[in-house]
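Single-letter residue listing:
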Amino acid sequence: PLTDSFSELIWESILFSGISSATPTEEMNGAGNLMDFLDEPLPDVGTYEDFHTIDWLREKSRDTDRHRKITNRSKESIWEFVKSLLDAWSGWVVMLLIGLLSGTLAGVIDLAVDWMTDLKEGVCLSAFWYSHEQCCWTSNETTFADRDKCPQWQKWAELMTGHTESAGAYVLNYFLYVLWALFFSFLAVSLVRVFAPYACGSGIPEIKTILSGFIIRGYLGKWTLLIKTVTLVLAVSSGLSLGKEGPLVHVACCCGNLFCSLFSKYSKNEGKRREVLSAAAAAGVSVAFGAPIGGVLFSLEEVSYYFPLKTLWRSFFAALVAAFTLRSINPFGNNRLVLFYVEYHTPWYMAELVPFILLGVFGGLWGTLFIRGNIAWCRRRKTTQLGKYPVLEVIVVTGITAILAFPNPYTRRSTSELISELFNDCGALESSQLCDYINNPNMSRPEDDIPDRPAGPGVYMALWQLALALIFKIVITIFTFGMKIPSGLFIPSMMAYHHHDWIIFKNWCRPGADCVTPGLYAMVGAAACLGGVTRMTVSLVVIMFELTGGLEYIVPLMAAAVTSKWVADAFGKEGIYEAHIRLNGYPYLDQDEFTHRTLATDVMRPRRNEPPLSVLTQDSTTVEDVETLIKETDYNGFPVVVSRESERLIGFVQRRDLILAIKNARQKQDGVVSNSVVYFTEDAPQLPASNPQPLKLRRILNLSPFTVTDHTPMETVVDIFRKLGLRQCLVTRSGRLLGIITKKDVLRHMAQMMNQDPESIMFN
């Protein structure tokens, strides 16, 4: 992430690499002109078009000037002082609102998913809006042995035919399960396609790109928020192999963008808006995993590009409020933030580090397999006829998933319920097949003393079903992630069971004590798989630690997470989100080192045999010349020079600002015609009365554009683009303009150096 002090980075870069930039005096002049520009603002000047990158330095300068103006005005009157306090508190108010709304939406989503998932199998007669568990809570006829069965809850076959165990009832339940799944998925993909195309997918690759400074209009809009929330419930309830963790980050960022529009401090400054979105991402992970601290670290490690210290505190506050709101709703009835919260107290042994590391190796291999398989399928979807039929694809995948999932109880249930059962340890109150241990009446130990009891047939049956579920989930998730519905990643968990009589266990197993904790292995396996797919490390360990509440398991989690990342990195540095960013051609500069020995002159445009650079002169270009240049080119901005002969650099002007300024001048300033001369100088010269009225545009001119010399190493240029978030950089020699390097040029050059298609960078 970028540091909080832009000026330190600028001067550090200048001193380190010999970059030629504008003088401090010119920078002060640029700031002064920016203040003049803010005093007399033109509509939409300083904003950005869709699919363009923001100028972080300009946004930072504008916010500094805005803050300076508010501070000066606060000394004039009590009312101005109060307004300054409100401006200072607005950030915390936005965080509070984000936390409240994202926590509420997460609670509603959890409740709706719980009900609609059970709706595929049956209905509660006493109150149809109750899930299976809620329905049986209210029943007085439920016994301990059959606590999952109650008269108020009936499966569809029992409700329609009165039979529960016959072959016909099984077939009818099977058919209705598949039918409900198809209906939910069809409704989800139809809503996404008609009302909010941006509501599909995980959302995290796009969130990362937006936080790096890219503009995608509508991706965080109100319609996207509404449709994403509704279709996320439908997609998860359909039984597809996906989760709601990634989409909840997208939902929370939509909430952040919504509340940014209420405060001009954030709505008119794209840099400040991204600080809010970073905090919103933390709130999203907080409610997705019930891990507020892990959410903050996830935002810092995984998605944020610019993360100053104040954003860290505000992210912490937003995640806290979101978690508190979700806890108040209590969607699972267990006073926890997630369904699969567990709490272990059994110690682990040093020899267990070997299986933990092996789980990490498996997680890394699985992550590599998943990324390559999923990217290959998504690329095929984009480049073939398959991409033209998103509704049909969703229906086919849903049908296959439902047909194969129903016979296996571990694939039939929701992912949260499955993870909950795998994470939980066996006890006297557990009814799972995984806890089917033989009770020998001749044993002197009490019945609830599980550790030394031999495994029963239910355990072996469950292991076969889990093995089949693992294979099924591995394959089907590759084809599910990336479809035109909201989809997060479901992470396959692994299980272990007790074999006390094995030689490797005799050295540390004590009679009558827990030797191996199966839920711990499931948790470590889940962390290893998630780490292999996303390449998360620190935030992943903290999230899993917050899920379990046990400090003693940090070392196994760290060992598995680090091992999975090492193994996965051996086959490729990209995680699943970075791979999708590259697949979609988003202009995202990752943090990998650039080690190739090339210079700025090798990358800048124009290159040899290309037309000369399009420039404007400071006092000899007419309005017609400017409009012709804008019409004939699609560049995002133009350097301003003293004259075409000298090509001494004066500054840089944005294309959008030029268009808006000329349009406004033609409407409001008398005498401005096509022959009017455009002046970027401090004062326009005195012209004869017969000449048309000149147009002065110095106030939209950036007098301190960032420049490098033609012999600056590209390693330094790439580092500058990353740390300062530049849109473009001008190349000079002794003050004479030679060319320009844009962010797109940098990305193309990096792709070319890695033997990739440079034209895969599709956006500006």
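Residues numbered from 1 in each chain as written. Predicted model: local features only at pLDDT ≥ 70, side-chain atom pairs only at ≥ 80, totals over all residues. Heavy atoms only, no water.

Structural notes on the pairing of strand β10 (residues 728-733)
Remark: a regular strand shows side chains that alternate across the two faces of the sheet.
Piece 1. The buried count for β10 comes to 5 of 6 residues, which makes it a mostly enclosed element.
Piece 2. Two strands pair when backbone bridges link them, and strand β9 (residues 707-709) and β10 are joined in this way by 3 bridges, in the parallel orientation. Counted as the bridge partner of Val708 is Val731 from β10.
Piece 3. Crossover connection from β9 via helix α27 (residues 714-724) to parallel β10: handedness right-handed.
Piece 4. Across 6 bridges, the pairing between β10 and strand β11 (residues 736-742) is antiparallel. Of the residues in β11, the one forming a bridge with Arg733 is Arg736.
Piece 5. Hairpin connection between β10 and β11: a loop of 2 residues separates the two successive antiparallel strands, and Ser734 in this loop has a positive phi of roughly 55°. (Buried < 20%, exposed > 50% of the residue type's maximum accessible area, 1.4 Å probe, protein only. Helix = DSSP H or I, 4+ residues; strand = E, 2+ residues; numbered from the N terminus. Pairing = 2+ DSSP bridges. Right-handed = clockwise from strand over helix to strand, strands pointing away.)

Brief notes about the packing of aromatic side chains
Piece 1. This model, assessed by the stated rule, comprises 22 aromatic pairs.
Piece 2. Ring centres of Phe195 and Trp223 lie 5.6 Å apart, and the angle between their planes is 10°; on these two criteria the pair is classed as stacked. Here the residue Phe195 occupies a position in helix α7 (residues 167-195), and Trp223 occupies one in helix α9 (residues 222-237), the gap between them amounting to 28 residues.
Piece 3. Among the aromatic side chains, those forming a connected cluster through ring pairs are Trp56, Tyr305, Tyr306 and Tyr588.
Piece 4. In this structure, Arg314 packs its charged tip against the face of Trp92, placed 5.6 Å from the ring centre.
Piece 5. If you follow Arg412 out to its NZ or CZ, it ends over the ring of Phe406, 4.3 Å from the centre. (Phe/Tyr/Trp six-rings, centres within 6.5 Å; stacked < 30°, edge-to-face > 60°. Lys NZ or Arg CZ within 6 Å of the ring centre and 35° of its normal.)

Some remarks on the sheet that holds β11
Piece 1. Read across the sheet, 3 strands follow the order β9-β10-β11 without closing on themselves; strand pairing throughout is mixed. Of all the strands in the sheet, the pair left with one neighbour each is β9 and β11. When the angles between neighbouring strand axes are averaged without regard to direction, this sheet yields 35°.
Piece 2. Strand contacts of α27: β9, β10 and β11, with the helix running at about 60° to β11, the strand carrying the most contacts. (Axes fitted to C-alpha atoms, helices over the stretch in contact; angles between N-to-C directions. Contact = heavy atoms within 4.5 Å.)

A few points about the state of the cysteines
Piece 1. In total, this model carries 2 disulfides according to the counting rule given.
Piece 2. For Cys124, the disulfide goes to Cys135, at an S-S distance of 2.1 Å. Around the S-S axis, the bridge from Cys124 to Cys135 shows a dihedral of about 75° and counts as right-handed. Residue Cys124 is located in strand β1 (residues 122-124), and its partner Cys135 is located in helix α5 (residues 132-137); the two are separated by 11 residues in the primary sequence. Both residues of the pair, Cys124 and Cys135, count as buried.
Piece 3. Shown here is the disulfide that connects Cys136 with Cys150, its sulfur atoms set 2.3 Å apart. Disulfide Cys136-Cys150: the torsion about the S-S bond is -75°, which places it as left-handed. Of this pair, Cys136 sits in helix α5 while Cys150 sits in the loop between α5 and β2 (153-155); the two residues are 14 residues apart in sequence, bridging distant segments of the chain.
Piece 4. Since its relative accessible area comes to 9%, Cys136 is described here as buried.
Piece 5. Classification of Cys150 by relative accessible area gives buried; the value is 8%. (Disulfide = S-S within 2.5 Å.)

Some details on the nonpolar core
Piece 1. Within the largest apolar cluster, 115 residues are counted, with the highest numbers of intra-cluster contacts made by Ile98, Leu220, Cys253, Phe356 and Ile485.
Piece 2. Each of domain 1 (90-329) and domain 2 (350-425 + 449-584) contributes no fewer than three residues to this core.
Piece 3. Among residues more than four places away in sequence, those in contact with Phe356 are Trp348, Leu520, Tyr521, Val524, Pro556 and Ala560.
Piece 4. The next biggest cluster of nonpolar side chains, apart from the first, holds 29 residues, and it includes Ile54, Tyr586, Leu589 and Met714. (Core = buried A, V, L, I, M, F, W, Y, C linked by side-chain atoms within 4.5 Å. Domains from an automatic or database assignment.)

Here we look at the UniProt feature "transmembrane region" (unreviewed entry) in the chain
Piece 1. The UniProt record annotates "transmembrane region" (unreviewed entry) at residues 89-113, 174-196, 248-264, 276-300, 349-371, 391-410 and 462-485.
Piece 2. Helix makes up 92% of residues 276-300 and strand 0%. Its end C-alpha atoms lie 13 Å apart. (UniProt positions renumbered as here; feature names shortened; annotations may be inferred.)

What about unusual backbone geometry?
Piece 1. Cis rather than trans, the peptide bond between Arg605 and Pro606 has omega equal to 5°.
Piece 2. On the secondary structure map, Pro606 appears in the loop between α24 (600-603) and β3 (616-617).
Piece 3. Backbone geometry at Asn609 places phi at a positive 65°, although glycine is not the residue there.
Piece 4. Locating Asn609 in the fold gives a position in the loop between α24 and β3.
Piece 5. Not every positive phi belongs to a glycine, and Glu647 is a case in point at roughly 55°.
Piece 6. Looking at where Glu647 falls in the secondary structure, it is placed in the loop between β5 (637-641) and β6 (649-654).
Piece 7. Taking the relative accessible area as the measure of exposure, Glu647 reaches 26% and is therefore partly exposed.

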